[in-house]
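Structure assessment
Chain by chain, the residues run as shown.
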Amino acid sequence: IAKKILEMDLYGLLGIEITATSKEIKKAYRQKALTCHPDKNPDNPKAAELFHQLSQALEVLTDAAAKAAYDKICAAKKQAEERTRKLDDKRKKIKLDLEARERHAEAQSQEEAQITRTLEEEIARLREEGSRQLEEEQRLIKEQIQREREAQEQQAGSYAPLPSLFSLQLKWKCKKDDDMNGGYSQDVLLRLLQKYGDVLNVIVSSKKKGSAVVEFATVRAAELAVKNESGLSENPLKISWIEGQPEVIAPPTQPGLFMSAQSALTNERDYESVVMMKMRQAAERQKLIEQMQREDEEDAAHS
């Protein structure tokens, strides 16, 4: 496995520089993997092979130890190529000497064998521990593909598709004459919230001090923000759900009861009921926006 990886240019495969951060590596992986995912290209074996290579690149480059071993090999190869390029005529003749070439090849082979063993050990460790990075990225890709399919199916029906929204309301203490808005700006909120997942939008109220709305791309990111984020220590945040909060389902009292009930519910839900649910979500969101606008207008009138 390691030899095959050494034959590939992992950075070139993802279209990134060697200085790319973990976040940039994951972003590049998503963009390229989406185009060649087996679910999108069921009849294209080349796409499946490319997807596999992209997955290997993500595994190695998002693990610090494996990336260090790979970078060391790449650096050694680059130095060897540079030395060969700069050889003068005299050194080229010496290099042609059989004995010198054999000694050099033996030493280089031993060094590469040691580095290869190190990379193989790191890859084996990744296999044993389970590549959580790869599993998470592939899960996100499958979710995105599923969303695209649902959107296409809805476009073929009578109603326009409505996106799922996972939005939260943020509140903090702030005086009306505080130009710093209690220490919170759009950039500050983005920095605090982006560590939980992709943030689609952050709207800081320009009239009502100490208030903002944030929309996440996934329910998992929103849940983590609600559970863990407290904001600035000198001015904590209060975070509450606006839309998309998952329902808490009680555990089944009998074995198999939950699965049978879930299957029955799935069978009962048809396309029209799903569309109606989406329309109700959109109506509730519009109602909330209008309420916030009225509150802003009232605050402006009082001030």
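Above this text sits the structure in question.
So, here is what we can say about the structure in this document.

Reading the values: the criteria
Residues numbered from 1 in each chain as written. Predicted model: local features only at pLDDT ≥ 70, side-chain atom pairs only at ≥ 80, totals over all residues. Heavy atoms only, no water. Helix = DSSP H or I, 4+ residues; strand = E, 2+ residues; numbered from the N terminus. Buried < 20%, exposed > 50% of the residue type's maximum accessible area, 1.4 Å probe, protein only. Contact = heavy atoms within 4.5 Å. Axes fitted to C-alpha atoms, helices over the stretch in contact; angles between N-to-C directions. Parallel < 35°, antiparallel > 145°, perpendicular 65-115°, else oblique. Left-handed = near helix turned anticlockwise from the far one by under 90°. Nonpolar A, V, L, I, M, F, W, Y, C, P; charged D, E, K, R; others polar. Salt bridge = Lys/Arg side-chain N within 4 Å of Asp/Glu carboxyl O.

1. Focus: the side chain of Thr-116
Relative to the helices and strands, Thr-116 resides in helix α7 (residues 98-129). Using a relative accessible area of 11% as the deciding quantity, one classes Thr-116 as buried. Here Thr-116 is in contact with Ala-2 and Leu-6, once residues within four sequence places are set aside.

2. Digging into unusual backbone geometry
Positive phi, normally seen in glycine, also occurs at Asn-181, with a value near 55°. Here Asn-181 shows up in the loop between β1 (166-171) and α9 (186-193). Residue Asn-181 is classed as buried on the basis of its relative accessible area, which comes to 9%.

3. Things to note about the packing of helix α3 (residues 22-36) against helix α8 (residues 132-155)
Relative to each other, α3 and α8 sit at 45°, their axes nearing to 11 Å. Compared by their axis directions, α3 and α8 come out oblique. Where α3 crosses over α8, the two elements pack in a sense that is right-handed. Contacts between α3 and α8 involve Lys-26, Tyr-29, Arg-30, Ala-33 and Leu-34 from the first element and Gln-133, Leu-134, Glu-137, Gln-138, Leu-140, Ile-141, Gln-144 and Ile-145 from the second. Considered class by class, the residues forming the contact of α3 with α8 number seven nonpolar, three polar and three charged.

4. Notes on the pattern of salt bridges
A full pass over the atoms with the stated rule returns 11 salt bridges. Linking Lys-195 and Glu-229 is a salt bridge whose minimum nitrogen-to-oxygen distance equals 3.0 Å. Here Glu-229 lies in the loop between α10 (219-228) and β4 (231-232) and Lys-195 lies in the loop between α9 and β2 (199-204), a separation of 34 residues in the sequence. The exposure class of Lys-195 is exposed, given its relative accessible area of 54%. Given a relative accessible area of 11%, Glu-229 falls into the buried group.

It is worth stressing that arrangement in space is one thing and function is another; only the former is reported here.
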